[in-house]
Amino acid sequence: MYTVDFRAMASPCQVLLPAASEEQARALAQHAIDEVHRIEVKYSRYRADSVVTAINSAAGGDAVVVDDETASLLHYAGQLHMLSGGLFDITTGVLRKAWDFKQARMPAPGQLESLLALTGWQLVERQRAAGVHTVRLPQAGMELDFGGFGKEYAADRAASALLEQGVRHGYVNLGGDFHVLGPQLDGTPWRIAIQDPRHADGTVAAIDVAGGALCTSGDYERYFDHEGKRYCHILDPRTGWPATAWRSVSVLAPLTAAAGACATIAMLKGEDALAFLASMEVAYLAVDAAGQVHSHATC
């Protein structure tokens, strides 16, 4: 087995797969890496030439024509919004303007209220006419942010690129979001450690994965502590304030996009998180605010 490391979406990434040589492994992995970079370029809100920037720049003006892939992702965002009871909302990325997790800056008075007025998936106008998809943000200042599922979608697409080449063992790891193509060569599952959300070098458990996806959402990725309280980047769209009920949620599901979405929604569900995960029939391991571990092993 060979590991090919690369960097994408501000994260360390890797492809692990069997090959006859390191050269062959890199050649196979490059197809997956190219797909990850394609998605990053297409949907990054940080790039002036991305689809997301084009949509956001037109907010308050005319509708923007989008391709089938983008329309499908927008449809998926709508499904997640409905499934989560409005908690998964890709219009809430604008709330990041009130928070600075690098500088440990709290929102200014009234700032969250003014930004919340620019959010709401139900406001997004999507149409299809004569086979042409369009999307429009009706208010100037509104934004879409695919960060909630973009990396996970890229992991699924990278895995598909490898499967198309006949790879049946190994995995894609994009910053801790895993899509496992198949077991190790001897048939045993991969053992993936779950980080302790309060100790960067520690783990709380390890999960055996022979296929499918494993994603973790937590309050330790981007955060700061202020007056004895932790503030993380997972923001409740109803209030604009960070989620606080869970330190981390890890979910095992068939696709990375599904696992990641379930983990994020659970972080936002508060005391209803475990009931939500049970309703989704996914395996999970969750660490609550007190450090207690909750898990369910069967899908």
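Quick caveat: nothing in here was measured; it's all calculated off a predicted structure.

With that settled, the discussion passes to the sheet that holds strand 5 (residues 132-136). Reading across from one edge, 3-5-4 is the order of the three strands in this open sheet, with antiparallel pairing throughout. Edge strands, defined here as strands with exactly one partner in the open sheet, are strand 3 (64-66) and strand 4 (125-129). Neighbour-to-neighbour, the strand axes of the sheet open up by a mean angle of 30°, direction not taken into account. Here strand 3 pairs with strand 5 via three bridges, running antiparallel.

Once that is clear, we can look at unusual backbone geometry. With a phi close to 60°, alanine 10 is a non-glycine residue in the positive phi region. Inspection of the secondary structure assignment puts alanine 10 in the loop between strand 1 (2-8) and strand 2 (11-17). Exposure remark for alanine 10: the relative accessible area of 67% places this residue in the exposed category. Backbone geometry places alanine 130, a non-glycine residue, at a positive phi of 55°. Along the chain, the position of alanine 130 falls in the loop between strand 4 and strand 5.

This paragraph deals with the domain arrangement of the chain. Under the domain assignment, the chain is made up of domain 1 (51-136) and domain 2 (189-296). Using only C-alpha atoms to locate each centre, domain 1 and domain 2 end up separated by 23 Å. In this assembly, 19 residues from domain 1 lie in contact with 24 residues from domain 2. Carbon and sulfur atoms supply 81% of the area buried between domain 1 and domain 2, which totals about 1,700 Å² over both sides. Summed over the shared surface of domain 1 and domain 2, the result is zero salt bridges. The tally of links from domain 1 across to domain 2 stands at two residue pairs in polar contact (both at pLDDT 80 or more). Of all the secondary structure elements, the ones that give two or more residues to the side of domain 1 that touches domain 2 are helix 3 (68-83) and helix 4 (111-116).

This next bit is on the packing of aromatic side chains. A full pass over the atoms with the stated rule returns 13 aromatic pairs. On the numbers, 6.3 Å between centres and 50° between planes, the contact of tyrosine 231 with tryptophan 241 is tilted. Residue tyrosine 231 is located in strand 12 (residues 229-232), and its partner tryptophan 241 is located in the loop between strand 12 and strand 13 (246-253); the two are separated by ten residues in the primary sequence. The ring of tyrosine 223 carries the charged tip of arginine 230 above its face, separated from the ring centre by 3.8 Å.

A few words now on the pattern of salt bridges. Throughout the structure, instances matching the rule amount to 17 salt bridges. As a salt-bridge pair, arginine 45 and aspartate 145 come within 2.7 Å of each other at their nearest N and O atoms. You can see arginine 45 sitting in the loop between helix 1 (22-43) and helix 2 (51-57) and its partner aspartate 145 sitting in the loop between strand 5 and helix 5 (150-163), a full 100 residues away along the chain. Among the charged side chains, a salt-bridge network with shared partners connects Glu35, Arg38, Lys42, Asp67, Glu69 and Arg157.

This paragraph deals with the UniProt feature "binding site: Mg(2+)" (unreviewed entry) in the chain. In the UniProt entry, the feature "binding site: Mg(2+)" (unreviewed entry) is given for Gly148 and Thr264. Taken together, the annotated residues stretch across 117 residues yet fold into one region, lying no more than 8.0 Å apart by C-alpha. Tracing the sequence through the fold places glycine 148 in the loop between strand 5 and helix 5. Residue class for glycine 148 comes out partly exposed when judged on its relative accessible area of 28%.

Attention now goes to the nonpolar core. By size, the foremost hydrophobic cluster in this structure holds 70 residues, and its most contacted members are Ile90, Leu144, Phe146, Val249, Val251 and Leu277. Formed jointly, this core draws a minimum of three residues from each of two domains, domain 1 (51-136) and domain 2 (189-296). Filtering out sequence-adjacent residues up to four positions away, valine 251 remains in contact with Ala213, Leu214, Cys215, Ala259, Cys262, Ala263, Leu277, Val282, Ala283 and Tyr284.

This part takes up the state of the cysteines. For the structure shown, the criterion picks out zero disulfides. Free cysteine cysteine 13: the closest other cysteine sulfur is in cysteine 215, separated by 12 Å. We note that cysteine 262 lacks a disulfide partner, and the nearest cysteine sulfur, in cysteine 215, lies 9.6 Å from it. Since its relative accessible area comes to 5%, cysteine 262 is described here as buried.

As a further point, take helix 6 (residues 256-269). Each full turn of the α-helix corresponds to 3.6 residues, which orients residues three or four apart in the same direction. Taking 1.5 Å per residue, 14 residues should reach 20 Å; helix 6 reaches 20 Å between its end C-alpha atoms and fits that length. Across the 14 residues of helix 6, twelve count as buried, placing the element largely inside the fold. Where helix 6 is concerned, the buried positions are Thr256, Ala257, Ala259, Gly260, Ala261, Cys262, Ala263, Thr264, Ile265, Ala266, Met267 and Leu268. Buried positions along helix 6 lie against helix 3, helix 5, strand 7 (177-182), strand 10 (212-218), strand 13 and helix 7 (273-280).

Thresholds, definitions, all that
- Residues numbered from 1 in each chain as written.
- Predicted model: local features only at pLDDT ≥ 70, side-chain atom pairs only at ≥ 80, totals over all residues.
- Heavy atoms only, no water.
- Pairing = 2+ DSSP bridges.
- Helix = DSSP H or I, 4+ residues; strand = E, 2+ residues; numbered from the N terminus.
- Axes fitted to C-alpha atoms, helices over the stretch in contact; angles between N-to-C directions.
- Buried < 20%, exposed > 50% of the residue type's maximum accessible area, 1.4 Å probe, protein only.
- Domains from an automatic or database assignment.
- Contact = heavy atoms within 4.5 Å.
- Buried area = accessible area lost by both parts, 1.4 Å probe.
- Salt bridge = Lys/Arg side-chain N within 4 Å of Asp/Glu carboxyl O.
- Polar contact = N/O pair within 3.5 Å; in protein donor to acceptor, adjacent residues only side chain to side chain.
- Phe/Tyr/Trp six-rings, centres within 6.5 Å; stacked < 30°, edge-to-face > 60°.
- Lys NZ or Arg CZ within 6 Å of the ring centre and 35° of its normal.
- UniProt positions renumbered as here; feature names shortened; annotations may be inferred.
- Core = buried A, V, L, I, M, F, W, Y, C linked by side-chain atoms within 4.5 Å.
- Disulfide = S-S within 2.5 Å.
- Expected span 1.5 Å × (residues − 1).

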